[in-house]
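Per-entry structural report
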Amino acid sequence: MPVLYLEDVPNEVYDRLRQLAGVHNRSLEAEAVNLLQQGLGATPAGRTQAEVLAELRRRSFTPPPGTPESVELLREDRGR
C-alpha cells in the first residue's frame, strides 16, 4: 500500500484532525484517509456517495397506504 507523507500542515488543521480522530475513535492516519476518501467522493468500501445514497433509498421503508401516523398512535396510547 502506498505511503503518503505531508509536510507543512497548519497547526489548526492538525489540531482539528486530531480532534476528529478522537471523536471517531480512529488513529490520526485513519481519520486522514477517511477524510480524503470522503473528499474524493468514495466511501471506504470503494462505493461512491451516490451509490450509497441509492442503496439507502432502495432499502428505505415506506408504510403501506392507510397506516396511521405515529402522532395518532401516540395520542391513542396516551389516552389509555
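Okay, so let's go over this structure. Keep in mind that this is a model prediction, so the values were computed, not measured.

Brief notes about the layout of surface pockets
Its volume calculated, the largest pocket comes out at about 480 Å³. Around the largest pocket, the lining is made up of 14 residues, and of these L6, L17, L28, E29 and A32 lie nearest the centre. For the lining of the largest pocket, the secondary structure elements donating two or more residues are α1 (11-23) and α2 (28-39). Along the lines of polarity and charge, the residues of the lining of the largest pocket split into twelve nonpolar, no polar and two charged.

A closer look at the environment of G41
The residue G41 is located in the loop between α2 and α3 (49-59) in this model. Residue G41 is classed as partly exposed on the basis of its relative accessible area, which comes to 29%. The residues touching G41, leaving out its near neighbours within four places in the chain, are R47, T48 and Q49.

Notes on unusual backbone geometry
A positive phi angle, near 60°, is found at D8, a position not held by glycine. Among the residues examined, D8 registers a relative accessible area of 77% and is labelled exposed. Phi at N25 takes a positive value of approximately 55°, unusual for a residue other than glycine. As for its position among the elements, N25 is in the loop between α1 and α2. Given a relative accessible area of 72%, N25 falls into the exposed group.

Scoring rules and cut-offs
Residues numbered from 1 in each chain as written. Predicted model: local features only at pLDDT ≥ 70, side-chain atom pairs only at ≥ 80, totals over all residues. Heavy atoms only, no water. 1 Å grid on protein atoms, 1.4 Å probe; cavity = no way out; pocket = protein on both sides within 12 Å on 5 of 7 lines; lining within 4 Å. Points joined across faces, edges and corners; volume = space filled by probe spheres on them. Helix = DSSP H or I, 4+ residues; strand = E, 2+ residues; numbered from the N terminus. Nonpolar A, V, L, I, M, F, W, Y, C, P; charged D, E, K, R; others polar. Buried < 20%, exposed > 50% of the residue type's maximum accessible area, 1.4 Å probe, protein only. Contact = heavy atoms within 4.5 Å.

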